[in-house]
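These are the residues of each chain, in order.
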Amino acid sequence: MDSATIDSTTKDVLDALKSVPGALLPILHQLQEKLGCIPAEAVPNIALALNLSRAEVHGVISFYDHFKGAPAGKHAVKICRAEACQAQGSVALERQIKEQLKIGFGETSADNSITLEPVYCLGNCACGPSIQIDEQVYGKMDGAGFQNLIQKLNTSVSKQTPVQTPTAQSNLTPKKTIKIYVADDTSACALGADAVAEAITQEATEHNLNIELLRYGSRGLFWLEPLVEVETPQGRVAFGPVQVGDVAQLFQDGFYTGAQNSPLSLGLTQEIAYLKNQQRINFSRAGLVSPESLNDYKNTGGFVALAKVLTMSAQSIVDEVKISGLRGRGGAAFPTGIKWQTVLDAKICNSSNALTEKKYVVCNADEGDSGTFADRLLMEADPFALIEGMIIAGLATQATQGYIYLRSEYPKAHQKLNTAIAAAYQGGYLGSSIAGSEQCFELEVRLGAGSYICGEETALLDSLEGKRGMVRVKPPLPAINGLFGQPTVINNVLTLASVPAILARGAPAYNSLGCGRSLGTLPMQLAGNIKRGGLVELAFGTSLRELIEEYGGGTASGRPIKAVQVGGPLGAYLPESQLDIKLDYESFSGLGLMLGHGGVVVFDDSVNMSEQARFAMEFCAIESCGKCTPCRIGSTRGVEVIDKICSGDAQQRDNNLILLQDLCDTMEHGSLCAMGGLTPAPVRSALQHFPEDFGFTQPHGHAQPYEGTK
Ligand SMILES: Cc1cc2nc3c(=O)[nH]c(=O)nc-3n(C[C@H](O)[C@H](O)[C@H](O)COP(=O)(O)O)c2cc1C
Ligand code: SF4
Ligand code: FES
């Protein structure tokens, strides 16, 4: 790449973006998209335009995994290394791929065709092991499947143009259009939904059938994807999981008439027990409507809540959310109404930049926890629910600017959100006059850049401001001093997307579900080594065993369950004997555990729990923001001590166990945020319940209730 190209591209990008608040990350994203990397020569110009030092710009580039200093190979291959994929065999897959390509992580093949990178969760955790090649995710991957993909990459000349949906040509009377649905969700496509859709289109042409192929979001029954549905007078009938090779036979069996002759027949979709028995509020539209159609949203109760709140005072909106009992779904389960009240009561601060002098609503769509994909599914299946929830949050707190901070690993969600936001602007629901009122709310998506810690709310705010994602000391709370120093609501995707249903139906309809102080529904995500992985939305209070056995059907391998990790990488491992625990905040916190974002990762008895404990420390070392010593240094020492425990003699094991417990205490009590504070949870639980995997005969860990941010 020559200097002239770098200079002119950098200039164009800076001219377009340098004035937007928190401009640095959007600039870096655009530059990388246009140039394939952020060349060192571009740094001085960026620094000059943004009035930053070169060191500051360089510090940001080097903080985020997504930004590269040099161009990568023609294709970027990313292998998911996180827990849910480990439970499905990703460690062996990683080894095979590295041997096949003869390169390690961060390296590019000799012919410059492939750069190999690690990634920590692609939101495809029910269908692992997962890999990503460029923007396309692939699930249930193995060595042979990977070899096939690479061969196709090397032989493909250009991307195939999609086949047009055929219309009847030869009949004299027009035939009735048959509606066929194939999800275009990330997980469905990772399992081959695009190819199945194309095969259906081609086969329909050969059968001279008039079909309309609709690509909506997924129902979240990922174990049945690619799921093909056909509209009939009785409702949609389902077939799955369908592979390209099944399509011709499906046509021969007359599946398009709704006939149930095929071994892949599942009957009426809404009668599938996994779906029928759920209590869907957040996911009531998933798979049923076009995620990009404002009309579909309006025709299914969308914007009813908004019309209602436009007649209410800000205080009465906040009061309704308080009464609903809604608690944050991002992990900490903080009452949403109380957070909103603080923002409503807070005053806008005077600042040196008038552009940023306003209150904000920030949606945390960073969803970095392994085993979780509910945010992604919602954004891909029903993005208007999130948009409406954010507008209502704005009206409730008098915030006029919204940002959705979306992880860069979710390109499909990015595209769908942008399309839906444009439609909402066009429909008059966003902008200077919401639904014809005098209220205004602006909304845009900002992309993260591959950093797990940017899911922590204060690190996220730093990242939105264009900085390294460093955790801030609290207080001040973001509700008082948040984005650009202004009062800021920061909520998870599911929290905000719950709001329209609460306001439309009234708080009592919502808080009649659930138990204790865990009210409403919780979208649980079944992942890892599980037979029927997917999204299960139920009122709080179901048992973990019921979820795993009745919905999940036990392990995919058919072997006994050994451990279940609930609540992401910072969650403890539960042994089989603890599966009767109820899925609600109080039951979990009572045992020193956390429900987190509702991710459930199942492991069978082939797992070695000392390796999982080691991974917990390793993950913390990789993703730590580095602000405090117990987390930054402690996690690295943690990996070393666990290695010594597992390789040493009995005496060394005992001595190192004392060290490890001491280290866990220090991390728990001395870390600034839950990243360092909770990493000991998976480690201690592994030692407590599976001592034999470390070479001990006695249990050694003990659950510690986390006392929260210091
Ligand atoms: C290390 C770490 C990672 C986090 N990642 C996420 C995340 O990816 N998504 C999320 O919504 N919350 C995440 N959180 C929780 C947020 O800090 C915050 O509590 C949440 O966004 C508040 O929204 P809520 O009240 O709706 O839950 C994380 C917290 C920590 C400590
Ligand atoms: S605990 Fe870790 S991630 Fe959190 S502030 Fe400290 S160094 Fe950063
Ligand atoms: S996709 Fe691998 S853990 Fe989520």
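Residues numbered from 1 in each chain as written. Chains lettered and ligands numbered in written order. Predicted model: local features only at pLDDT ≥ 70, side-chain atom pairs only at ≥ 80, totals over all residues. Heavy atoms only, no water.

*Asks:* Please clarify how the pairing of strand 7 (residues 228–232) should be interpreted in this entry.
*Replies:* Residues in a regular strand point their side chains to alternate faces of the sheet. With 4 of its 5 residues buried, strand 7 lies for the most part within the structure. Here strand 5 (residues 178–182) pairs with strand 7 via 3 bridges, running antiparallel. The residue of strand 7 that forms the bridge with I180 is V230. Note: strand 7 against strand 8 (residues 235–239), 5 bridges, orientation antiparallel. Bridging from a neighbouring strand, E231 pairs with R236 of strand 8. Between strand 7 and strand 8, which pair antiparallel and follow one another directly, the connecting turn spans 2 residues. (Buried < 20%, exposed > 50% of the residue type's maximum accessible area, 1.4 Å probe, protein only. Helix = DSSP H or I, 4+ residues; strand = E, 2+ residues; numbered from the N terminus. Pairing = 2+ DSSP bridges.)

*Asks:* Honestly, the site of ligand 1 in this entry has me stumped. Any pointers?
*Replies:* Near ligand 1 there are 19 residues, and of these G330, N364, N491, N492 and T495 occur at the shortest range. Taking 610 Å² as the accessible area of ligand 1 by itself, protein coverage stands at 91%. For the shell around ligand 1, the elements supplying multiple residues, two or more each, are strand 13 (488–492) and helix 27 (674–678). Looking at which element gives the most residues to the shell around ligand 1, the answer is strand 13, with 3 residues. Here the residues of the shell around ligand 1 are counted per class, giving 5 nonpolar, 8 polar and 6 charged. (Near = heavy atom within 4 Å. Areas by Shrake-Rupley, 256 points an atom, 1.4 Å probe, with all protein chains shown as cover. Nonpolar A, V, L, I, M, F, W, Y, C, P; charged D, E, K, R; others polar.)

*Asks:* Teacher, can you tell me more about the environment of A193 here?
*Replies:* Note that A193 resides in helix 9 (residues 193–206). C-alpha separation for the pair A193 and E225, spaced 32 residues apart in sequence, amounts to 7.4 Å. The contacts of A193, once residues within four sequence positions are left out, are V182, A183, A188, R215 and P226. (Contact = heavy atoms within 4.5 Å.)

*Asks:* Mind showing me how you'd approach the domain arrangement of the protein here?
*Replies:* Interfaces are often described in size by the accessible area the parts lose on coming together. Domain parsing of the protein yields domain 1 (3–63), domain 2 (75–155), domain 3 (178–276), domain 4 (294–508), domain 5 (524–604) and domain 6 (609–694). Using only C-alpha atoms to locate each centre, domain 2 and domain 4 end up separated by 34 Å. Summed over both partners, the interface of domain 2 with domain 4 comes to about 770 Å²; 54% of that surface belongs to carbon and sulfur atoms. Three residues stand out in domain 2 for area buried against domain 4, namely C121, G123 and C125, and they jointly supply 45% of the buried area on that side. Our count for the contact surface shared by domain 2 and domain 4 stands at 0 salt bridges. At the boundary of domain 2 with domain 4, the tally comes to 5 residue pairs in polar contact (both at pLDDT 80 or more). Here the side of domain 2 that touches domain 4 is composed, by residue class, of 8 nonpolar, 2 polar and 2 charged. (Domains from an automatic or database assignment. Buried area = accessible area lost by both parts, 1.4 Å probe. Salt bridge = Lys/Arg side-chain N within 4 Å of Asp/Glu carboxyl O. Polar contact = N/O pair within 3.5 Å; in protein donor to acceptor, adjacent residues only side chain to side chain.)

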